Amino acid sequence: MLLLVLGALLLLFCSLDVWYFLRGVQVFFQAWFQPRIWDLLAEQTIDGKVLPHDLDYMGHMNNSRYLRECDFARFHHYMRNGLLMASRKLGARMVVGASTIRYRRSLAFCEAFEIRTKIVGWDEKAFYLEQRFVSKKDGFVSAIMLCRQNVVHCSPESIIEFVCKRKIECPEFPEDLKHWISFISASSQALRAESGLEEKNK
């Protein structure tokens, strides 16, 4: 019987990224029992630590893990400020449309850090967030990420009005965000042009 259970667990871990789902459950309950954040533009913090399964061959946190931890931090952020539940009630979905990350210093094994997440603005289609990995050792910003969270079947303004019961003025975009949005737009135009040429050549 024990061998069957161990075999089933081994098969489960080989077939699914079990740690991903366990981490998601942990973040859900963590956010559920924390106080509500009423200021949508307030920065929120979630703690993390570099564990053995986060490491790459060089002994520090794998680059892809940063993106995954950002996913959990955004989920935590949306739960606490009410955007997640509001989007569900309005029949909307929020999906990542674009992201960029800059690595400044590696996070080492067992190093504690915090992810600081904040909404820096929105337009008619998406929320824009900044996420920072800050080492608890010395407060150094080890990595910084910008994320475009597209809103499907609704608009950011509608979700914000549902949560706040009033219109909220979008803050002015920082210069680096403006440049990044311009890059996304130029990239989309170039890809559409390529698709048009491919269709013509068929």
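Residues numbered from 1 in each chain as written. Predicted model: local features only at pLDDT ≥ 70, side-chain atom pairs only at ≥ 80, totals over all residues. Heavy atoms only, no water.

A. Spatial organisation of the pattern of salt bridges. Applying the stated criterion across every chain, the model contains 9 salt bridges. Note that Asp47 and Lys136 form a salt bridge whose closest N and O atoms lie 3.1 Å from each other. Of this pair, Asp47 sits in strand β1 (residues 44-49) while Lys136 sits in the loop between β4 (126-135) and β5 (141-152), and the two are 89 residues apart along the sequence. Overall, Asp47 belongs to the partly exposed group, its relative accessible area being 45%. Taking relative accessible area as the criterion, Lys136 reaches 45% and is therefore assigned partly exposed. Between Arg74 and Asp71 there is a salt bridge whose closest N-O contact spans 2.4 Å. On the criterion of helical spacing, the pair formed by Arg74 and Asp71 is a turn pair, its members being 3 residues apart in helix α3 (residues 63-81). For Arg74, a relative accessible area of 4% corresponds to the buried category. Through salt bridges that share partners, Glu172, Glu175 and Lys178 make up one connected network. (Salt bridge = Lys/Arg side-chain N within 4 Å of Asp/Glu carboxyl O. Helix = DSSP H or I, 4+ residues; strand = E, 2+ residues; numbered from the N terminus. Buried < 20%, exposed > 50% of the residue type's maximum accessible area, 1.4 Å probe, protein only.)

B. Representation of the nonpolar core in the model. Counting 17 residues, the largest nonpolar core has Tyr78, Leu83, Ile119, Phe127, Val151 and Ile159 as its most contacted members. Of all the secondary structure elements, the ones that give two or more residues to this core are α3, α4 (83-89), β3 (112-122), β4 and α5 (156-164). Not counting chain neighbours up to four residues away, the residues in contact with Tyr78 comprise Leu83, Leu84, Met94, Leu129 and Gln149. Core analysis: the second largest hydrophobic core is formed by 15 residues, Val27, Met61, Phe113 and Met145 among them. (Core = buried A, V, L, I, M, F, W, Y, C linked by side-chain atoms within 4.5 Å. Contact = heavy atoms within 4.5 Å.)

C. The arrangement of α3 in detail. In this model, α3 (19 residues) spans 28 Å end to end at C-alpha, consistent with the 27 Å of a helix rising 1.5 Å per residue. The buried fraction of α3 amounts to 14 of the 19 residues, a majority that puts the element mostly inside the structure. In this structure Asn62 caps α3, since a side-chain oxygen of it lies 2.9 Å from the backbone nitrogen of Ser64. Looking at the residues trailing α3, positive phi occurs at Gly82, about 90°. (Expected span 1.5 Å × (residues − 1). Polar contact = N/O pair within 3.5 Å; in protein donor to acceptor, adjacent residues only side chain to side chain.)

D. Just the pairing of β3, in detail. Of all 11 residues in β3, 8 are buried; the element is thus mostly enclosed. Bridging between β1 and β3 involves 6 bridges; their strand directions are antiparallel. Counted as the bridge partner of Gly48 is Phe113 from β3. Once β3 ends, the chain turns through 3 residues before running back antiparallel as β4. (Pairing = 2+ DSSP bridges.)

E. Highlighting the confidence of the model for the protein. Considering every residue of the protein, the mean pLDDT works out to 91; 96% of them sit at 70 or more. When pLDDT is averaged over each element of the protein, β4 comes out on top at 98 and helix α1 (residues 2-15) at the bottom at 72. (pLDDT = per-residue confidence, 0-100.)

F. The arrangement of the sheet that holds β3 in detail. Taken in spatial order, the 5 strands line up as β1-β3-β4-β5-β2 in an open sheet, and their pairing is antiparallel. Here the strands that pair on one side only, and so sit at the sheet edges, are β1 and β2 (93-103). Mean inter-strand twist for the sheet, computed between neighbouring axes without regard to direction, equals 25°. Looking at chain direction, β2 and β5 are connected through 10 bridges and run antiparallel. Bridging from a neighbouring strand, Val96 pairs with Gln149 of β5. Across the sheet, α5 is in contact with β3, β4 and β5; its angle to β4 comes to roughly 75°. (Axes fitted to C-alpha atoms, helices over the stretch in contact; angles between N-to-C directions.)

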